[in-house]
Amino acid sequence: MTTLAERMTAALESAQEVAPNKSKAGLAKAANVRPASVTDWFKGRTKTLTYENAVKAAAYLDVNAEWLINGTGDMHSPSVEAFDSDDELDEDEF
């Protein structure tokens, strides 16, 4: 997916598979922007998001913000990796 509009559409479809109540209106509310702005995101009129809007949108859509912003990385890759405290970690892993 090369455009913001394509990534937004894919992210919303993915989010709706898990939570069918997710919507463009809900996204606008979560990102604290006008619904018309969200429409512009999906129609391709907006080519980039501000960092603040991207983080809020990614959180609502449960996707990686970096992927949403520029298509880098995996759509659903976590920003934090959990590990069991009983696991032994090599200092080089940090």
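This text goes with the structure placed above it.
In this text, all values refer to a predicted model and were calculated from it rather than measured experimentally.

**Observations regarding the nonpolar core**
Formed by 23 residues in total, the largest nonpolar core has its most connected members in Met8, Leu27, Trp41, Leu61, Val63 and Leu68. Elements with a minimum of two residues in this core: α1 (4–18), α2 (24–31), α3 (35–43), α4 (51–61) and α5 (65–70). At 6 residues, α1 tops the list of elements feeding residues into this core.

**Here's the deal with α3**
Burial in α3 covers these residues: Ser37, Val38, Trp41 and Phe42. On an axial view of α3, the arc spanned by its buried residues comes to 140°, and they lie on one face. Contacts from the buried residues of α3 go to α1, α2 and α4. Phi for Gly44, located one or two positions after α3, is positive at around 90°.

How each quantity is defined
Residues numbered from 1 in each chain as written. Predicted model: local features only at pLDDT ≥ 70, side-chain atom pairs only at ≥ 80, totals over all residues. Heavy atoms only, no water. Core = buried A, V, L, I, M, F, W, Y, C linked by side-chain atoms within 4.5 Å. Buried < 20%, exposed > 50% of the residue type's maximum accessible area, 1.4 Å probe, protein only. Helix = DSSP H or I, 4+ residues; strand = E, 2+ residues; numbered from the N terminus. Arc of directions from axis to C-beta. Contact = heavy atoms within 4.5 Å.

Honestly, that's just the spatial picture; any functional story needs more than this.
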